[in-house]
Amino acid sequence: MPRTAVENNNRMSLRIGAEQKALLLRAVALERIDLTAFVLRHALAAAEAVIRDADHLKLSGRDSLRVLHLIENPPAPNAKLLAAARALPKRK
């Protein structure tokens, strides 16, 4: 049965096995912080890394040189590009 939405959405539930929980509790004890702070710190760091990796384009050396070459030596505009430029609203 689906749960109804709650106005205060500050909580998350997590189902984990006994061994996984014991591992987390051991790490928490070693770091001397509470479980919420530990999980939040590491989950947020992982989320930021995933987003950072997704937001950055990684090019090979060959591709980087190709992009630089095209920036320095752009190809001549084709008919479609010229038509699109003419269709743009005029600046005032």
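Reading guide: rules and limits
- Residues numbered from 1 in each chain as written.
- Predicted model: local features only at pLDDT ≥ 70, side-chain atom pairs only at ≥ 80, totals over all residues.
- Heavy atoms only, no water.
- Helix = DSSP H or I, 4+ residues; strand = E, 2+ residues; numbered from the N terminus.
- Rg over C-alpha atoms; globule rule 2.2 N^0.38 Å.
- Buried < 20%, exposed > 50% of the residue type's maximum accessible area, 1.4 Å probe, protein only.
- Areas by Shrake-Rupley, 256 points an atom, 1.4 Å probe, with all protein chains shown as cover.
- Axes fitted to C-alpha atoms, helices over the stretch in contact; angles between N-to-C directions.
- Parallel < 35°, antiparallel > 145°, perpendicular 65-115°, else oblique.
- Contact = heavy atoms within 4.5 Å.
- Nonpolar A, V, L, I, M, F, W, Y, C, P; charged D, E, K, R; others polar.

Visitor: Whenever I open this one, the overall build of the protein chain confuses me. Can you help?
Guide: Secondary structure summary: the protein chain contains four helices and zero strands in total. Taking 12 Å as the expected radius of gyration for a compact globule of 92 residues, we find that the protein chain reaches 26 Å, considerably beyond that expectation. C-alpha extents for the protein chain along the principal axes are approximately 65 × 40 × 30 Å. Across the 92 residues in the protein chain, those meeting the buried criterion constitute 2%. In the structure as shown, the protein chain presents an accessible area of about 9500 Å², 60% of it carried by carbon and sulfur atoms.

Visitor: When you look at the packing of helix α1 (residues 18-31) against helix α2 (residues 35-55) in this model, what are you seeing that I'm missing?
Guide: Pairs of packed helices are described in terms of their axes, by the angle between the two and the distance that separates them. At a minimum axis separation of 9 Å, α1 and α2 run at an interaxial angle of 100°. As the angle between them shows, α1 and α2 are arranged roughly perpendicular. Between α1 and α2, the residues in contact are Leu24, Leu25, Ala27, Val28 and Glu31 and Leu35, Phe38, Val39 and Arg41, respectively. Tallied by class, residues from the contact of α1 with α2 come to seven nonpolar, no polar and two charged.

Visitor: Sorry, what's going on with the environment of leucine 59 here?
Guide: Structurally, leucine 59 can be placed in the loop between α2 and α3 (61-72). In sequence terms leucine 59 and alanine 84 are 25 residues apart; their C-alpha atoms lie 29 Å from each other. Not counting chain neighbours up to four residues away, the residues in contact with leucine 59 comprise Ser64 and Val67.

From the geometry alone we can't say anything about function, so treat these as descriptive.
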